[in-house]
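Below are the chains, spelled out letter by letter.
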Amino acid sequence: MEALGVDIGGTNLRVARVDASGVVIASLSERTSRDPATALGQILALARQLDSASVVGLGVGIPGRVDAGARRVLSGGFVDLSGVSLAENAEAALGKHVVLDTDCNMALVAELQLGAARGCRNVVMLTIGTGIGGAAALDGALLRGRSSAAQFGHITVDPGGDLCACGRPGCVETTSSGTALNRLIAKAALPPGTQVEALLTSAAAGDPVATRILTDWVRPLRAAIDSLVAALDPERVLLGGGLGNAACEALRLAPPVSPWYQSPVVAASLGNDAGVIGAACSAMRDRQTAAPVP
Ligand SMILES: [Zn+2]
């Protein structure tokens, strides 16, 4: 058994064919279109190229809010797929069962099965990239709420802070995402494009500017993590996405403050593959209980 997994990143849209043990057999990617109809066309075209008789379904990780039960995209950021009937169109085009979920839920599914959360039943995950995504597993099941729980990028860390895309001020996404880091770099008058790895190296050597930038970046993230740990008591907190490793390292500059609420914070281990693997695994898992595609 195999399935196709789709990961819609801020830079690249990637589709992979994945086997039942979570191994990526083949994958294709293109630069992500900001236009929803074009992005849908990209997904279908890449999926057709990778489809085979052994593929039982297609899973799509969405950068935005999703009602996974109803297979509806509720909203999106850099590409908003809420208006393109993604599940219905993909099912009609490919004749395969389709599942939708947030990109962070898909990544957590992969990390639980194969990565840094293997063997855990209670995990919180934050994906740190252009924005901040969230996912949690409680007693082994993804946290769902009414439809779109775990939007941890929108935990308030500064009530008087900058307005977030969600409409509220001071969400951790506004202070500790990659976008926020770039803003801090610009504010410190460092060259645009300064890499976080260079900041980490400079900070380790005692450079005060790099230390200040990284501390300002992760201190609100630490506050969000502390709140999540107090609320959900996870076995571990995973940091994934393009900046997950760097954020993990930078968090040493902002150690946890409360001895009451402690969980280890670790870097996710599947890197860029987490999204496509989790999406394909979700499609395979869901296929076993779903009705056949008409
Ligand atoms: Zn927000």
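For the structure itself, consult the block above.
This section reports on the structure supplied with the text.

Definitions and limits used
- Each chain carries its own residue numbering, running from 1 in the written order of its sequence.
- Only residues with pLDDT of at least 70 are given local features in this predicted model, and only at 80 or more are side-chain atom pairs given and counted; all residues enter the totals for whole chains, interfaces and linings.
- Hydrogens are left out, water is left out, and the side-chain values use all remaining heavy atoms of the structure.
- Secondary structure elements follow DSSP: runs of H or I no shorter than four residues count as helices, runs of E no shorter than two count as strands, and numbering proceeds from the N terminus.
- Contacts are assigned to residue pairs with any non-hydrogen atoms lying within 4.5 Å of each other.
- Donor criterion used throughout: N, O or S atom within 2.8 Å of the metal, extended to 3.2 Å for Na, K and Ca. Water excluded; incomplete-looking sites may result.
- Exposure categories follow from relative accessible area, calculated using a 1.4 Å probe and restricted to protein chains: below 20% of the type maximum is buried, above 50% is exposed, and the middle band is partly exposed.
- Each pair of strands is called paired provided DSSP finds at least two bridges between the two strands.

Some thoughts on the environment of Thr11
(1) Moving on: Mapped onto the secondary structure, Thr11 falls in the loop between strand 1 (2-8) and strand 2 (12-19).
(2) Moving on: In this structure, Thr11 is in contact with Glu30, Arg31 and Thr32, ignoring residues within four places of it in sequence.

Examining the coordination of the zinc ion
(1) Moving on: The protein atoms that coordinate the zinc ion are His154 (ND1), Cys164 (SG), Cys166 (SG) and Cys171 (SG), at distances spanning 2.0 to 2.4 Å.
(2) Moving on: Along the chain, the residues donating to the zinc ion fall in the pattern H-x9-C-x1-C-x4-C. Residue His154 is found in the loop between strand 10 (141-142) and helix 4 (172-176), and its partner Cys171 is found in the loop between strand 10 and helix 4; the two are separated by 17 residues along the sequence. The exposure classification of His154 matches that of Cys171, with both residues buried.

A short note on the side chain of Thr175
(1) Moving on: Within the fold, Thr175 resides in helix 4.
(2) Moving on: Judged by its relative accessible area of 17%, Thr175 is buried.
(3) Moving on: Ignoring any residue separated from it by four or fewer positions in sequence, one finds Thr175 in contact with Val157, Ala180, Asp216, Trp217 and Pro220.

Notes on the pairing of strand 9 (residues 132-138)
(1) Moving on: Taken across its seven residues, strand 9 has six buried, putting it largely inside the fold.
(2) Moving on: Sheet topology note: the strand 8 (residues 123-128)/strand 9 ladder contains six bridges and is antiparallel. Bridge assignment links Leu126 to a residue of strand 9, and that residue is Gly134.
(3) Moving on: The loop that links strand 8 with its antiparallel partner strand 9 comprises three residues.
(4) Moving on: Pairing between strand 9 and strand 10: two bridges, direction antiparallel. Residue pairing for strand 10: Ala137 is matched across the bridge by Leu142.

Take it as geometry only, folks, not as evidence of what the structure does.
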